[in-house]
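Read off the chains here:
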Amino acid sequence: MKHKVSKVLLLSVVLIGSLSFINSKKVKMSAGGSTVDSKREAKIDSLIKLMTLEEKVTMIHASSSFTSGGVPRLGIPEIVMSDGPHGVRKEHGRDWEADLAGTDSATCLPTGVSIAATWNPELGYAAGKVLGEEANARGKDIILGPGVNILRTPLNGRNFEYMSEDPYLASRMVVGFIKGVQDQGISACVKHYLANNQEVNRDKIDVQMSERALREIYLPAFAAAVQEGGANSVMGAYNKFRGQFCTHNEYLVNKILKGELGFKGVLISDWGAVHNTLEAVQNGCDLEMGSEFTTSSANKPNYDKFFMGDTLIKLVKSGAIEESLLNDKVRRLLRLMLKTNVMTKDKRKKGSINTPAHQAIALQVAEESITLLKNENVLPLKKQNIKTIAVIGANADRKHCGAGGSSQVNSKYEITALKGIQKLVGNSITIKYAPGYLIKKGKTADQELINAALEATKGADAVIYVGGWIHGYSDAWNDNAYDSEGLDKPDMQLPFGQNELIDALLKAHPNMVVVLEGGGPVDMTSFVERTKAIVQAWYPGIEGGNALAKIVFGEISPSGKLPMTFPKKLEDVPANKLGEYPGDGKTVNYKDDIWVGYRYYDTKKVEPLFPFGHGLSYTSFEYSDLKVQKNGQTVTVKLFVKNTGKMAGAEVVQVYVKDEKAAVERPEKELKGFSKLFLKAGEKKEVSLTLNPDAFKYYDEGKKQWVLEPGKFTIITGSSSKDLKLKADVEL
Ligand code: BGC
């Protein structure tokens, strides 16, 4: 982890219907593609012919912390990569250098989990487009994101960067995101392939899982990213899979990614994830990054010493490795370069950085992701009835964008919750703020701070508590905690004595609104029953506080939905319950198999605190007239949804499929379609979804293929995985 210390120290300073806009682009892009493709391949052939062995090797490993090697003699530049999925940092990253002058002003988007909580693939696209435009403005070629690892346990430190516990939701959102980036002529790099579902021992843990779990749960989002999203690059994970490091894993990379999925792009190693020259070369790693910390001194990196450096030259010269293997890697890199004008940057779109339009997208994502978990007639607050508000909680005044690991962004500004509320209420309402707890390692409840918080709430007409998790205590890598790269959370408890503080505040203010920030669920046992309004704000980015204030004061109706189940307690989580997290240091057995998230809670009848897909609104929706029609094995689902309340709002109609009888145990139901509908008060719209045959299949381990077993299936529509509305049967 040594490299991470220096790195961060330095850096510190669908639903088918709703995807139509993306599909039309896909059609356009593929039209006439073959001539373009063959011309490109011919150009690649001619370049490869001109290259020496040494030049080829130069291209397939790093030349600095964030660039691949170039061949100036042939006009081949370095490829410049940018961390990560939430903003395009200023620093070029040759030597892990940060923008110490503090002039960095990238747009800091809400994190991956927020994007997924919008359940709006168009916003995935919009967020990707922001990154693509900012990458163009900064001369970067590859965005190192998005991350799509499945949320297997709430303890994973990087859940905030990822999308969902559900492969279908993650797939729909990632496709939009990638197209948003790549339509700007920039490459996306989907990560971390595969099963990087924990940070504990991420550099060595060997993940064992069944073939069915791989196919049904852990692979689909990557497959969608490559096949539907057309991702130009994929990042191999640090961990091992069935005994072999993922970055050079014969089965995952050669057989599945490049074989079955037909991936023609570049497999980039995670930083320092290559461990062996022969395996890396033979098993599909195309670009080795970050090995300066394992092969030489971090202070004086020698890139020739990389596994795919001088050693490789010797091995080819001795005949131990065929040069054709290198040619394939160079071909993939050149393909990415030619597709995205890396050699002809003057042909690139100009791009733009931190524009009002980008900030507006950050705001929209935040607005649509903030999720109302509970509301017993407390929200929205009515400004006209309030003279004084108390805002309590150190998180209310904390900026999050600049921490969390490689996805951190030095943003020009960040509207915290406190600032957002202050801006919205202006001078008309007095705001009293008290932190109530200290954000410090190991800090527990502090009676003095609790007393001061109680004092601040005296006479207040409304109390808003903003707490939850943080990325880290300081900018130092090894001082990070909770939602962070490199380590997992110790448990699901709120840190810093927040439970005691909430308890004291609720006794005095039973109508207190609790807002929680963080990458996932916390244990709410001590306050959930007594709290009338709970809001999950995630990490909402540069404009987060504005979005939160608009929701709290009812300027807009919340429409975020949980992309993961919120269990009552950690012991309910299948991986944790089985003792199969984080493994024994060497191996982690995914005995929870396909029973991840709601698939487990629903089927095994374990009551969650808030179910997958849950999220309340200030208005109400009525579902009617469900019609299910089949055409062969494709099923069309139609229904009407009406906004029956007094306010405009959005509803995410979720479509689940239940296999009534199967040869294998199947989940109670699985998400196979969704659509986010925006409805004015009183408005009614028809939703039409097409479920293709894949929606009904399971992976048969014996036959080694997906199987659609004929019989009865129930199509279930709902507002969450528990709030089910209309059902209909279909016989396939
Ligand atoms: C992370 C990647 C990141 C890379 C470069 C690695 O440690 O796992 O997500 O893109 O570093 O910073």
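All values derive from a computational prediction rather than experimental measurement. (Residues numbered from 1 in each chain as written. Predicted model: local features only at pLDDT ≥ 70, side-chain atom pairs only at ≥ 80, totals over all residues. Heavy atoms only, no water.)

A. Here's a closer look at the state of the cysteines. What the rule picks out here adds up to one disulfide. Across the disulfide, Cys-108 is cross-linked to Cys-401 (sulfur-sulfur distance 2.3 Å). Around the S-S axis, the bridge from Cys-108 to Cys-401 shows a dihedral of about -95° and counts as left-handed. Placement of Cys-108 in the loop between β3 (81-82) and α5 (112-117) and of Cys-401 in the loop between β12 (388-392) and α16 (417-425) is noted, with a sequence separation of 293 residues between them. Its sulfur unpaired, Cys-189 is 11 Å from the next cysteine sulfur, which belongs to Cys-285. A relative accessible area of 0% means that Cys-189 is categorised as buried. Cys-246 forms no disulfide, and the closest cysteine sulfur to it belongs to Cys-285, at a distance of 12 Å. (Disulfide = S-S within 2.5 Å. Helix = DSSP H or I, 4+ residues; strand = E, 2+ residues; numbered from the N terminus. Buried < 20%, exposed > 50% of the residue type's maximum accessible area, 1.4 Å probe, protein only.)

B. Layout of the environment of Ala-362. Relative to the helices and strands, Ala-362 resides in helix α15 (residues 356-369). For Ala-362, a relative accessible area of 0% gives the class buried. Counting along the chain gives 251 residues from Ala-362 to Thr-111, while the straight-line C-alpha distance between them is 9.9 Å. Not counting residues within four places of it along the chain, the set of residues in contact with Ala-362 comprises Thr-107, Cys-108, Leu-109, Pro-110, Ile-542 and Glu-543. (Contact = heavy atoms within 4.5 Å.)

C. Fine view of the sheet that holds strand β21 (residues 670-679). One open sheet holds the four strands; their spatial order is β21-β20-β25-β26, and the pairing between them is antiparallel. The open sheet has two edge strands with one neighbour each: β21 and β26 (724-731). Averaged over neighbouring strand pairs, the angle between their axes works out to 20° when direction is ignored. Relative to β21, strand β20 (residues 649-659) runs antiparallel, the two being bridged by nine bridges. (Pairing = 2+ DSSP bridges. Axes fitted to C-alpha atoms, helices over the stretch in contact; angles between N-to-C directions.)

D. Region of interest: helix α6 (residues 121-138). Between its first and last C-alpha, α6 extends 26 Å over 18 residues, near the 26 Å set by a 1.5 Å rise per residue. Positive phi appears at Gly-139, one or two residues downstream of α6, with a value of about 70°. (Expected span 1.5 Å × (residues − 1).)

E. Layout of the side chain of Glu-368. With respect to the helices and strands, the residue Glu-368 is situated in helix α15. Classification of Glu-368 by relative accessible area gives buried; the value is 6%. Among the polar contacts listed, one links the side chain of Glu-368 to the side chain of Lys-676, at a separation of 2.9 Å. Apart from the residues lying within four places of it in its own chain, the contact partners of Glu-368 are Ala-117, Thr-118, Asn-120, Leu-123, Ser-559, Gly-560, Lys-676 and Phe-678. (Polar contact = N/O pair within 3.5 Å; in protein donor to acceptor, adjacent residues only side chain to side chain.)

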